[in-house]
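Descriptive analysis of the structure
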Amino acid sequence: MSKPYSVRVTVRGYETDVQGHLNQAVYLNYAEHARWSLLQEAGITQSRLQAHGVGPVALETTIRYRRELLAGDEVDVSCVFHWGGGKTFTIEQTITKTDGTVAAEVSAVGGLLDLEKRKLVPDPRDVFRELTKDTALFGL
C-alpha cells in the first residue's frame, strides 16, 4: 500500500482539558476510530467479526505526544498494519495536523481473540485475508 489509510477528525471543545488542549485519553479514541474506520472500509464489521467467532484485542499501546491539539484543529489519523510471524500484529498510527505537524504517534500491539476458546488465533493474517474485500488496507 503506497499511502497509509487515514481518516480526518476535528477536535471538539468538550474533548479538551483545563489547559485547553486535547485530553490525553482522547488520542486513544482517535486512534481507535481510525482502526474501526479502516475495518469498515475493508468490509469488516463488528457483526461480521462476531459471526466469524473473533474479536480484535489491544495488548499494548504507546502514545508519543509531539504537539498540542486545540479545539477546532483538524487532524488526519493514519493507520498502518505491520505483521510478524505469530499471533500478534502492530498498528502504527500518526495524528497529523493539516499543516503537516505531527501531534502524536500511537503504536499498538493487537491480536484477534477466538471468542469461544478465549485465546489468540494462531495467525490473524489468515482471518483478515478471509474477511476483507481489500487486503491492501492491511498490507497483505
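Residues numbered from 1 in each chain as written. Predicted model: local features only at pLDDT ≥ 70, side-chain atom pairs only at ≥ 80, totals over all residues. Heavy atoms only, no water.

As annotated in an unreviewed UniProt entry, the protein carries the name Acyl-CoA thioesterase and comes from Streptomyces werraensis.

Looking only at helices and strands, one finds 3 helices and 6 strands in the protein. Along the protein, from the amino end to the carboxyl end, the secondary structure elements read β-α-α-β-β-β-β-β-α. Relative to the 2.2 N^0.38 estimate, which gives 14 Å for 140 residues, the radius of gyration of the protein is 16 Å and therefore close to what a compact globule would have. Structurally, the protein occupies a C-alpha span of about 45 × 30 × 25 Å along its principal axes. Among the 140 residues that make up the protein, the fraction classed as buried is 37%. (Helix = DSSP H or I, 4+ residues; strand = E, 2+ residues; numbered from the N terminus. Rg over C-alpha atoms; globule rule 2.2 N^0.38 Å. Buried < 20%, exposed > 50% of the residue type's maximum accessible area, 1.4 Å probe, protein only.)

Following the sequence through the fold, T132 ends up in the segment after helix 3 (124-131). Taking the relative accessible area as the measure of exposure, T132 reaches 12% and is therefore buried. At 3.2 Å, the side chain of T132 forms a polar contact with the backbone oxygen of A42. What T132 contacts, discounting residues up to four positions off in sequence, is A42, I44 and F138. (Polar contact = N/O pair within 3.5 Å; in protein donor to acceptor, adjacent residues only side chain to side chain. Contact = heavy atoms within 4.5 Å.)

Time to look at the layout of surface pockets. By volume, the largest pocket amounts to about 240 Å³. What lines the largest pocket is a set of 15 residues, and nearest its centre among them are E32, R35, P56, V57 and I91. Those elements that provide at least two residues to the lining of the largest pocket are helix 1 (24-41), strand 2 (54-65), strand 4 (88-97) and strand 5 (102-114). Taken together, the residues of the lining of the largest pocket sort by class into 11 nonpolar, 2 polar and 2 charged. (1 Å grid on protein atoms, 1.4 Å probe; cavity = no way out; pocket = protein on both sides within 12 Å on 5 of 7 lines; lining within 4 Å. Points joined across faces, edges and corners; volume = space filled by probe spheres on them. Nonpolar A, V, L, I, M, F, W, Y, C, P; charged D, E, K, R; others polar.)

If you look at the biggest cluster of nonpolar residues, it comprises 18 residues, and the most contacted ones within it are L38, I44, F81, F128 and F138. At the level of elements, helix 1, strand 3 (74-83), strand 4 and helix 3 are the ones that each hand at least two residues to this core. If one sorts the elements of this core by residue count, helix 3 sits on top with 3 residues. When sequence neighbours within four positions are dropped, the list of residues in contact with F128 reads L39, I44, F81, W83, F89, L112, F138 and L140. Counting residues in hydrophobic clusters, the runner-up holds 17 residues, among them V9, Y27, A34 and L69. (Core = buried A, V, L, I, M, F, W, Y, C linked by side-chain atoms within 4.5 Å.)

This brings us to helix 1. With 18 residues, helix 1 extends 27 Å from end C-alpha to end C-alpha; this agrees with the ideal 26 Å at 1.5 Å per step. Put simply, N23 is the residue that caps the front of helix 1, since its side-chain oxygen is 2.8 Å from the backbone nitrogen of A25. Just downstream of helix 1 lies G43, where phi reads positive at about 85°. (Expected span 1.5 Å × (residues − 1).)

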